[in-house]
Amino acid sequence: MGDWPRNAASVQPGWLDGVLRNNGVLTGPKVTGVTAANVGTGVGIMGEVARLSIEYDTPGGAPATVVGKFPTADPTNLGVARALYFYPREVAFYTKLAQHSPIRTPRLLHAEIDMSDHSFVLLLEDLRDVTHGDQITGLTPAQAEAAVTALGRLHGAWWGKVDAAGMETLFDFANPEYGAAVQAGYQGFLEPALENAGDCFSPYTKKVARGLAPVAARAVEQVSSSWRTLLHGDYRADNLMFGAGLGQDGVAALDWQISGKGGALYDVAYLICNSMPIAYHQRVEKDLLHRYHEMLLQSGVEGFSFEECWNAYRFAVLCGLFVAVFTTGGMDVGNERGLNAMRAIARRVDAAVSQLEVGELLPQ
C-alpha cells in the first residue's frame with residue numbers, strides 16, 4: 001500500500017508541498033495549510049472528489065486550489081470500482097494519454113496507484129470560470145452539439161489505432177473477463193433496479209432489460225469489437241464543462257475512470273440518451289449523429305458509412321441499459337441530487353430503448 005493520503009481529509013501540508021514541488025507545480029512558496037471541501041453534489045459516486053484550498057507562506061505564483069480524487073468510502077461502490085478496474089483506468093488515462101487528447105482535460109499534477117488494492121490519489125488542475133453540465137436538467141442544444149463535436153474529434157484521433165503496439169496496457173472493453181463481470185453485476189442489480197425505479201421503465205423496456213440479462217456478456221463483446229477507438233466511457237452532462245477557453249470546441253471532459261478501448265458508438269449513445277431532455281433528444285438525435293459522423297470524416301476516418309454509424313448507434317442504445325440498471329439497482333448514489341440524476345438517466349434510457357425498439361437487437 002502506497003504512502004499517500006487515503007481521502008481528502010487526511011491531506012497534510014507537508015505531503016502536498018512535496019508532491020507539487022516534485023512535479024514542478026511549485027518552485028517558490030511553501031504550502032502551510034490545506035482545507036478540503038467536496039466538489040458539487042451528487043457527483044463522485046464512484047470516488048471522492050474534493051477541492052483542496054491551499055495556503056502558502058508567501059503569496060503569488062502558486063495555485064490557490066487543486067482537485068483531489070480518492071477511492072470511494074462506500075463498500076458497495078468500491079467493490080464495483082475494483083471489479084471493473086475504474087481507478088487504474090483513470091490513472092492510466094491521465095498519465096499516458098491526456099496530453100494527446102483533442103478534448104480539454106484538467107492538467108495532471110500528481111498521480112499514484114497501488115494495484116494490489118486499487119488505492120490511488122490524483123491531483124488535478126481546478127478548472128474555474130466554466131459552466132458545468134447538469135445531468136438532471138440536461139444539456140442545452142448548443143452544449144449537446146459542442147459535446148458531440150468534441151467527441152468526434154476524440155474518437156477520430158484514435159480511430160483504428162488502439163490495438164497497435166504501445167496500447168496494450170489500455171483497458172479493453174472487449175476483454176471476456178470484463179464482459180463476464182458486467183453480466184454478473186447486471187444480473188444482480190436488475191430486479192432491484194426494476195423495483196427501485198420501476199416507474200422510470202416502460203413494460204417494453206422492462207422486457208428488454210430482462211432479455212439482456214443472460215446475454216449481457218455477448219452484448220458487451222459485440223458493442224466493443226467494431227469501430228474501435230479510445231472511449232471516455234462516462235461521457236455525460238455531469239462530467240462535462242463548457243467555456244470559451246476550453247479548447248476549440250469549448251468543452252472539457254472530466255472523470256476518465258471508465259475509459260478504455262472499445263466500440264466508438266457506445267460513447268455517442270451514452271451521451272445522447274443519458275444527457276438530453278427526452279423531447280430534444282428525439283427531435284435532433286439523427287442531426288447530432290450526422291455531426292459526429294462528419295467530425296470522424298474530417299479526422300480522416302475512412303470506410304465507415306452513416307448507415308453503419310446508425311446501426312452501431314442503435315445497438316449501443318441497447319447497452320445503455322447497463323448504466324441504468326447498475327445505478328438504480330444497488331449502488332449508493334450519494335444523496336438526493338445523485339438519486340434524481342440517476343432517475344433522469346433511467347427515464348431517458350427507457351425512452352431511447354422504446355423509441356428505437358432495440359429489443360430486436362438482443363444477441364441470440
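Use the structure listed above.
Computed from a predicted structure; not experimentally measured.

Visitor: Is there a simple way to think about the packing of helix α5 (residues 176–196) against helix α6 (residues 203–212) in this case?
Guide: Helix-helix packing is described using two parameters, namely the angle between the two axes and the distance between the axes. Closest axis-to-axis distance for the α5/α6 pair is 10 Å, and the angle between their directions is 160°. With respect to α6, the axis of α5 lies roughly antiparallel. Of the two elements, α5 crosses α6, and the hand of that crossing is left-handed. Packed against α5, whose contacting residues are Tyr186, Leu190, Glu191 and Leu194, the element α6 presents Lys206, Ala209, Arg210 and Leu212 at the interface.

Visitor: What am I meant to see in the pattern of salt bridges here?
Guide: Any two side chains of opposite charge can pair if their charged atoms end up close together. For the coordinates displayed, the defined rule picks out 17 salt bridges. Across the pair Arg104 and Glu125 runs a salt bridge whose closest N-O atoms are separated by 3.1 Å. With Arg104 in the loop between α3 (86–97) and β4 (108–114) and Glu125 in strand β5 (residues 119–125), this residue pair connects regions lying 21 residues apart in the sequence. Its relative accessible area of 25% is what places Glu125 among the partly exposed residues. Two residues, Arg228 and Asp172, come together in a salt bridge whose shortest N-O distance is 3.1 Å. Note that Arg228 is positioned in strand β7 (residues 228–231) and Asp172 in the loop between α4 (141–158) and α5, a separation of 56 residues in sequence. Using a relative accessible area of 22% as the deciding quantity, one classes Asp172 as partly exposed. Within the structure, one salt-bridge network assembled from shared partners comprises Asp163, Asp172, Arg228 and Lys261.

About the thresholds
- Residues numbered from 1 in each chain as written.
- Predicted model: local features only at pLDDT ≥ 70, side-chain atom pairs only at ≥ 80, totals over all residues.
- Heavy atoms only, no water.
- Axes fitted to C-alpha atoms, helices over the stretch in contact; angles between N-to-C directions.
- Helix = DSSP H or I, 4+ residues; strand = E, 2+ residues; numbered from the N terminus.
- Parallel < 35°, antiparallel > 145°, perpendicular 65-115°, else oblique.
- Left-handed = near helix turned anticlockwise from the far one by under 90°.
- Contact = heavy atoms within 4.5 Å.
- Salt bridge = Lys/Arg side-chain N within 4 Å of Asp/Glu carboxyl O.
- Buried < 20%, exposed > 50% of the residue type's maximum accessible area, 1.4 Å probe, protein only.

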